[in-house]
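# Structural features, examined
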Amino acid sequence: MTTSASGPRDVPGFPTSSRPAQRPAADFREAVARLAGGVALLTTLDPIGRDCGLTVTAVSSVSLDPPLALVCVKKDGFVHDALFVADGWSLSMLADDQVELARYGARSRAPGDRDDFTGWPTRRAVHGELVLTSGVAALECEPYDWLDAGDHTIALGRVVRATTDAGDRAALIHVDRRYARPGDVLG
């Protein structure tokens with residue numbers, strides 16, 4: 001079965017009766033919670049130049065030529081709207097000792113609440129957004145494309161600068177709704 005923007009399509013030669021039944025959203029959410037992912041802080045500036053950030057795990061490299069990265073952002077969050085008007089956004093990949101920062105970026109916010117990252121070491125990116133300098137790596141991006149994805153938007157960014165600052169620290173990961181540090185390296 002292939003999909004389109006309007007939903008699933010039948011693939012010629014494959015009977016439609018072989019499709020698995022649709023699972024409820026709760027089952028889907030439970031299943032994908034088991035997939036470990038790196039933790040990053042997405043930062044940008046809002047329309048009047050204030051810092052805003054959001055802890056994200058739906059992050060991926062996309063292309064080397066041109067260098068592209070993606071991040072998935074929920075449509076009803078205040079960072080979502082800021083991304084559409086920003087000249088740039090950054091992804092700071094967090095280290096395993098930055099759980100407090102990850103929780104800060106993931107906290108619930110009321111309309112009008114602002115972010116304050118003065119408790120963490122930062123620098124300004126090319127387009128003015130914050131980059132956390134104490135993480136394991138960072139990507140500074142310019143908007144490249146936007147893709148509608150249900151209750152989220154996939155933001156594609158062209159990477160204009162990438163830095164690594166890991167030292168001997170490991171990346172922070174999120175799995176089973178908990179923060180963790182990587183375990184043994186296998187293979």
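Up top is the structure these notes are about.
What comes next concerns the included structure. Keep in mind that this is a model prediction, so the values were computed, not measured.

About the thresholds
Residues numbered from 1 in each chain as written. Predicted model: local features only at pLDDT ≥ 70, side-chain atom pairs only at ≥ 80, totals over all residues. Heavy atoms only, no water. Pairing = 2+ DSSP bridges. Helix = DSSP H or I, 4+ residues; strand = E, 2+ residues; numbered from the N terminus. Axes fitted to C-alpha atoms, helices over the stretch in contact; angles between N-to-C directions. Buried < 20%, exposed > 50% of the residue type's maximum accessible area, 1.4 Å probe, protein only. Core = buried A, V, L, I, M, F, W, Y, C linked by side-chain atoms within 4.5 Å. Salt bridge = Lys/Arg side-chain N within 4 Å of Asp/Glu carboxyl O. Contact = heavy atoms within 4.5 Å. Polar contact = N/O pair within 3.5 Å; in protein donor to acceptor, adjacent residues only side chain to side chain.

## Regarding the sheet that holds strand S14 (residues 178-180)
If you walk across this open sheet you meet the three strands as S3-S13-S14, and the pairing is antiparallel. Strands with a single pairing partner mark the edges of an open sheet, and in this sheet they are strand S3 (37-38) and S14.

## A word on the sheet that holds strand S7 (residues 67-74)
In spatial order, the strands read S5-S4-S8-S11-S12-S7-S6; together these seven strands make up an open sheet with antiparallel pairing. Each edge of the sheet is formed by a strand with only one pairing partner; in this case those strands are strand S5 (51-56) and strand S6 (59-64). The mean inter-strand angle of the sheet, taken between neighbouring strand axes irrespective of direction, is 35 degrees. Across five bridges, the pairing between strand S8 (residues 89-93) and strand S11 (residues 137-149) is antiparallel. From the neighbouring strand, Met93 faces S11, where its bridge partner is Ala137.

## Quick look at the pairing of S5
The element S5 is largely enclosed, with a buried count of five among its six residues. Pairing of strand S4 (residues 40-45) with S5 involves six bridges; the strand directions are antiparallel. The residue of S5 that forms the bridge with Leu42 is Leu54. Following S4, the chain reverses through five residues before pairing antiparallel with S5; Gly49 in that reversal takes a positive phi of roughly 90 degrees.

## Notes on the nonpolar core
Residues Leu42, Val56, Val71, Leu83, Trp89, Leu91 and Leu139 are the most contacted members of the largest nonpolar core, which totals 16 residues. Those elements that provide at least two residues to this core are S4, S5, S7, helix H2 (78-85), S8, S11 and strand S12 (152-164). Counting residues in each nonpolar core, the second largest holds eleven residues, with Leu41, Leu94, Tyr104 and Leu172 among its members.

## Details of the pairing of S6
Looking along a regular strand, one sees side chains alternate from face to face of the sheet. Where S6 lies against S7, five bridges are found, and the strand directions are antiparallel. Bridging across to S7, Ser63 finds its partner in Leu68. Remark: two residues form the turn of the hairpin made by S6 and S7, two consecutive strands paired antiparallel.

## Observations concerning the environment of Pro66
Looking at the secondary structure, you find Pro66 in the loop between S6 and S7. With relative accessibility at 30%, the residue Pro66 sits in the partly exposed group. Note: C-alpha distance between Pro66 and Val160 (94 residues apart in sequence) is 9.9 Å.

## Quick word on the pattern of salt bridges
One pass over the full model with this rule turns up ten salt bridges. The salt bridge partner of Arg161 is Glu140, with a shortest N-O separation of 3.6 Å. Highlighted residues: Arg161 in strand S12 and Glu140 in strand S11, separated in sequence by 21 residues. By sharing partners, the salt bridges in this structure join Asp46, Arg50 and Arg114 into a single network.

## What to know about the environment of Glu142
Note that Glu142 resides in strand S11. Judged by its relative accessible area of 21%, Glu142 falls in the partly exposed class. Sequence-wise, Glu142 and Arg158 are 16 residues apart; in three dimensions their C-alpha atoms are separated by 5.2 Å. With residues up to four places along the chain from it excluded, the contact list for Glu142 reads Asp87, Gly88, His127, Leu156, Gly157, Arg158 and Val160. Side chain to side chain, Glu142 and His127 meet in a polar contact 2.9 Å long. Of note is the side chain of Glu142, whose polar atom sits 2.6 Å from the side chain of Arg158.

## Observations concerning unusual backbone geometry
The peptide bond linking Asp65 to Pro66 adopts the cis configuration, its omega dihedral lying at 0 degrees. Residue Asp176 is not a glycine yet carries a positive backbone phi of 50 degrees. The topology assignment puts Asp176 in the loop between strand S13 (173-175) and S14.

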